[in-house]
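In case you want the letters, here they are:
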Number of protein chains: 2
Amino acid sequence: MKIGEVAAQLSVSTDTLRYYEKHGLLMPSRRTEAGYRDYSLSDLKQMRFILRAKDVGFSLTEIKELLAIKLYKHQHSCHEVKSLTIQKRDLVAQRVAELTRFHQSLSVLAEKCCGGEELADNCSILTTLEDIDGLTQ
Amino acid sequence: MKIGEVAAQLSVSTDTLRYYEKHGLLMPSRRTEAGYRDYSLSDLKQMRFILRAKDVGFSLTEIKELLAIKLYKHQHSCHEVKSLTIQKRDLVAQRVAELTRFHQSLSVLAEKCCGGEELADNCSILTTLEDIDGLTQ
DNA sequence: CTTGACCTTAGTGTGTACTCTAAGGTTTAT
DNA sequence: ATAAACCTTAGAGTACACACTAAGGTCAAG
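Residues numbered from 1 in each chain as written. Chains lettered and ligands numbered in written order. Predicted model: local features only at pLDDT ≥ 70, side-chain atom pairs only at ≥ 80, totals over all residues.

(A) Main features of the overall build of chain A. Of regular secondary structure, chain A possesses 6 helices and 2 strands. Secondary structure of chain A in N-to-C order comes out as α-α-β-β-α-α-α-α. Radius of gyration (C-alpha) of chain A: 24 Å, far over the 14 Å computed for a compact globule of 137 residues. Principal-axis analysis of the C-alpha atoms places the extent of chain A at approximately 70 × 40 × 20 Å. Within chain A, buried positions represent 28% of all 137 residues. Excluding contacts between residues fewer than 6 apart, the proportion of contacts in chain A whose partners are at least 24 apart in sequence is 34%. (Helix = DSSP H or I, 4+ residues; strand = E, 2+ residues; numbered from the N terminus. Rg over C-alpha atoms; globule rule 2.2 N^0.38 Å. Buried ≥ 20, exposed ≤ 12 C-beta atoms within 10 Å, placed from the backbone. Contact = placed C-beta atoms within 7 Å.)

This is the structure:
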């Protein structure tokens, strides 16, 4: 399959496929005489793997690690794979916690403000942001 | 106050202060004869505002908007300020939802895997990532 | 045989928030 | 007078994941 067909079938851009190739995530098995990329079914399968891994939140760098393990499965243990997954999960959990704090603070700010057409001269959002410890107390 | 003193007092780098200036967030009121930045107390106050706004999750671009409103409070309404806050809160909520889905998927993956020293030949994380709909079903 | 759709490469641009570097000037203490 | 500690600028580098561009080659249909 040519790059355009793969792109259409998987709903990605040809740029993305070339980008992944450049970064060692997906090399098409062969090239045509004219130098066009020629993707095999197994290439397609690998691209689906990449997209699914992205879907669950792995970065391209992490996916590259997963692919390396996948390629030589018998040289790696389940422990390694699970470890990567847990690490990522914990990182995501941290980020969720941080964003949840943001959300909480923004909610507090929003509740304090009347939100009316009054001039913002005494807007409680603005004053709270000026005021030390305005959100934590 | 010189840039180094401000930086030390607010625990930021001098680079950050220069960066904020370059991007229109904080202009020191004056310069010394030698061209050194000379920050006033009001500049310090504004920097604290910026840092607090960052703490609650506003981006520098959004903080710039807030500062513009703050500077001409009587030309803006509480509605505008609250609107920015709510918008940001909702954006954060979306991101939290996305990351929570990631977290959920990663947890499912992790639970499926034994995590032992077995070779990864049949690792369920790897096979699930290959398998269409493996996570949503 | 030419038009249009496709492909190639290398390289640049995007957004976010800095961080670092080079090459130099200033201030303060000794 | 000189060294250390500070300051200045412009510009490059970092991470992430692409998107876009230019300049050109290839392929299928009419």
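Next comes the rest of the write-up.
(B) Fine view of the protein's contact with DNA strand C. Around DNA strand C sit 18 residues in total, of which A:Gly4, A:Arg37, B:Ala34, B:Ser59 and B:Leu60 are the nearest. Counting residues per element, the ones that place at least two in the surface near DNA strand C are helix H1 (3-10) and helix H2 (14-22) of chain A together with helix H2 (14-22) and helix H4 (60-71) of chain B. No other element matches H2(B), which puts 3 residues into the surface near DNA strand C. When its residues are assigned to classes, the surface near DNA strand C shows 5 nonpolar, 8 polar and 5 charged. (Near = placed C-beta within 6 Å. Nonpolar A, V, L, I, M, F, W, Y, C, P; charged D, E, K, R; others polar.)

(C) Quick peek at the relation of the copies chain B and chain A. Under the fitted operation, chain B is carried onto chain A by 0.0 Å of movement along the axis and a turn of 180°, and the coordinates agree to an RMSD of 0.1 Å. Here the copies are linked by what is in effect a two-fold axis. Minimal C-alpha separation from the rotation axis in chain B is found for B:Val96, amounting to 2.8 Å. Interface residue correspondence from chain B to chain A reaches 100%, placing this contact among same-surface, isologous pairings. (Least-squares fit on C-alpha atoms with pLDDT ≥ 70 in both.)

Purely spatial values, then, with no claim about function.
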